[in-house]
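An overview of the molecular structure
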Amino acid sequence: MAYLTLKNVNKIYPNGYHAVHNFNLEIEKGEVVVFVGPSGCGKSTTLRMIAGLEDISSGEFLLNGERANEKGPREREIAMVFQSYALYPQMTVYDNIAFGLTLQGVDEDVIEERVKKTAAILGLTDYLDRLPRALSGGQRQRVAIGRAIIRKVGVFLMDEPLSNLDAKQRVTMRYEIAQIHQETGATTIYVTHDQTEAMTLADRIVVMKDGYVQQIGTPYELYFKPANVFVAGFIGEPPMNFVRGKVHGGKIQFGENTIDLSAKLKNAAAYEGKEIVFGFRPEAIRLTGAENAHLIHSQVELTEMLGDNTNIYITTGDSRAILKVDSHDTPETDVPLDFYIPFESVYLFDGETENVID
Ligand code: ADP
């Protein structure tokens with residue numbers, strides 16, 4: 001039996017806005033599940049329904065197999081870490097971490113033992129006497145996480161916990177959150193709009209758009225088997241390249257390139273005269289001749305040397321794309337460039353539904 005279950009969960013706000021549509025998910029104990037999607041897609045609303053901070057308009061939320069829709073936030077044994085980590089500025093790190101237990105009237109000795117253990121997990125042992133203002137952003141966020149994990153609840157909910165940190169701190173904290181999870185093994189639901197955070201932290205990712213779940217899967221599944229154009233374009237950096245074209249005689253044309261789809265499109269006749277979306281990832285291309293690959297003629301517009309690799313911005317006809325190559329292979333700008341897309345790295349989507357064509 002799943003630990004947490006959401007069955008056909010909907011959220012309609014009092015103003016009539018339907019923010020979450022038929023959300024279905026089962027989460028196992030110990031899993032890290034990340035909700036990802038652009039701002040406004042319903043991630044926080046779903047998380048807040050799980051926390052008991054928002055009513056569920058219809059559908060069911062089960063905890064350990066039991067209906068929990070009507071349970072208040074405290075009864076759910078869930079701890080939440082918010083975006084703004086609002087520590088008490090006049091309290092030391094020790095008192096901030098201990099606060100929840102102190103309120104509950106837990107024995108001083110027990111509190112001390114648990115604060116010390118929590119601080120050790122979070123690398124805060126040397127900072128327990130400090131006030132929050134004497135900590136870095138990353139350390140403050142760790143104190144906020146400490147306040148949650150000291151409660152030893154079954155589930156942690158994290159709503160964009162790294163968004164107040166700078167890029168470098170985010171990378172460090174991402175690693176630390178993964179380590180904290182290894183130590184505690186706690187079931188975690190994590191909300192972010194950042195696909196890199198989702199890919200690196202998640203056991204499974206739920207991709208959302210406009211209140212609808214687009215796909216649920218492991219990072220590997222979402223990257224290699226995206227269900228539709230949206231997921232394909234959202235997961236991966238730089239994003240997948242897409243070219244739209246009408247199928248004629250089992251082929252599509254862009255720029256001076258004619259692509260024979262027979263290697264990938266099993267049912268070419270059904271798509272004759274219809275538009276399809278041809279997708280390939282920037283990092284999937286090759287610059288030298290390859291068997292079983294499409295040869296593409298293009299023009300280099302711009303290159304970005306990023307250290308170990310280079311992004312090449314190319315055009316072919318009216319289409320644009322980004323190629324990612326080893327930086328030793330950086331071409332000149334404004335020159336023609338031929339490259340190869342291996343057949344197995346091609347994704348085809350229905351031009352109308354935008355769903356992947358199997
Ligand atoms: P995300 O976390 O993915 O950025 P939210 O769950 O916060 O998105 O919001 C989803 C949608 O619901 C947004 O369009 C937002 O404007 C709307 N929304 C959020 N809270 C309310 C509310 N209290 N009343 C009406 N609409 C809301």
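Up top you'll find the structure we're talking about.
Residues numbered from 1 in each chain as written. Predicted model: local features only at pLDDT ≥ 70, side-chain atom pairs only at ≥ 80, totals over all residues. Heavy atoms only, no water.

1. A closer look at the sheet that holds strand β19 (residues 346–350)
- Pairing is antiparallel across the open sheet formed by three strands, whose spatial order is β11-β14-β19. The sheet is open, and its two borders are formed by β11 (241–246) and β19, each paired with just one other strand. The mean angle between the axes of side-by-side strands here comes to 25°, regardless of whether they run parallel or antiparallel. (Pairing = 2+ DSSP bridges. Helix = DSSP H or I, 4+ residues; strand = E, 2+ residues; numbered from the N terminus. Axes fitted to C-alpha atoms, helices over the stretch in contact; angles between N-to-C directions.)

2. Examining helix α4 (residues 137–149)
- The end-to-end C-alpha distance of α4 is 18 Å, a good match for the 18 Å that 13 residues give at a rise of 1.5 Å each.
- Among the 13 residues that make up α4, eleven are buried, leaving the element largely enclosed by the rest of the structure.
- All buried positions along α4 are accounted for by Gly137, Gly138, Gln139, Gln141, Arg142, Val143, Ala144, Ile145, Gly146, Ala148 and Ile149.
- Along its buried surface, α4 packs onto β6 (78–81), α2 (93–103), α3 (108–122), β7 (155–159) and α5 (167–184). (Expected span 1.5 Å × (residues − 1). Buried < 20%, exposed > 50% of the residue type's maximum accessible area, 1.4 Å probe, protein only. Contact = heavy atoms within 4.5 Å.)

3. Comments concerning a negative patch on the surface
- A contiguous patch of negative charge on the surface is contributed by Asp107, Glu108, Asp109 and Glu113.
- Among the secondary structure elements, aspartate 109 is positioned in helix α3.
- For aspartate 109, a relative accessible area of 57% translates into the label exposed. (Patch = residues over 30% accessible without salt bridge, like charges linked within 9 Å, V, L, I, M, F, W, Y side chains within 5 Å. Areas by Shrake-Rupley, 256 points an atom, 1.4 Å probe, with all protein chains shown as cover. Salt bridge = Lys/Arg side-chain N within 4 Å of Asp/Glu carboxyl O. Lys, Arg positive; Asp, Glu negative; His and termini not counted. Charge placed at Lys NZ, Arg CZ, Asp CG, Glu CD.)

4. Some points on the pairing of β11
- Alternating residues of β11 divide into Asn241, Val243 and Gly245, all buried, and Phe242, Arg244 and Lys246, none buried.
- Two elements, β11 and strand β14 (residues 275–280), share six bridges in a ladder whose sense is antiparallel. Residue pairing across strands places asparagine 241 opposite phenylalanine 280, the latter belonging to β14.

5. Comments concerning unusual backbone geometry
- Cis geometry marks the peptide bond from glutamate 237 to proline 238; its omega dihedral reads -5°.
- Tracing the backbone through its elements, the reader meets proline 238 in the loop between α8 (229–234) and β11.
- Backbone geometry places asparagine 22, a non-glycine residue, at a positive phi of 40°.
- In this fold, asparagine 22 is placed in strand β2 (residues 18–27).
- Of note, asparagine 64 is a non-glycine position whose phi angle comes to about 55°, a positive value.

6. Some details on the site of the ligand
- Surrounding the ligand, one finds Tyr13, Asn15, Tyr17, Ala19, Pro38, Ser39, Gly40, Cys41, Gly42, Lys43, Ser44 and Thr45.
- At a separation of 3.0 Å, an oxygen atom of the ligand approaches a polar side-chain atom of lysine 43.
- A distance of 2.5 Å separates an oxygen atom of the ligand from a polar atom in the side chain of threonine 45.
- Its free accessible area being 570 Å², the ligand has 64% of it covered by the protein chains.
- The element that contributes the greatest number of residues to the shell around the ligand is helix α1 (residues 43–51), accounting for three residues.
- Looking at the shell around the ligand residue by residue, the class counts come to five nonpolar, six polar and one charged. (Near = heavy atom within 4 Å. Polar contact = N/O pair within 3.5 Å; in protein donor to acceptor, adjacent residues only side chain to side chain. Nonpolar A, V, L, I, M, F, W, Y, C, P; charged D, E, K, R; others polar.)

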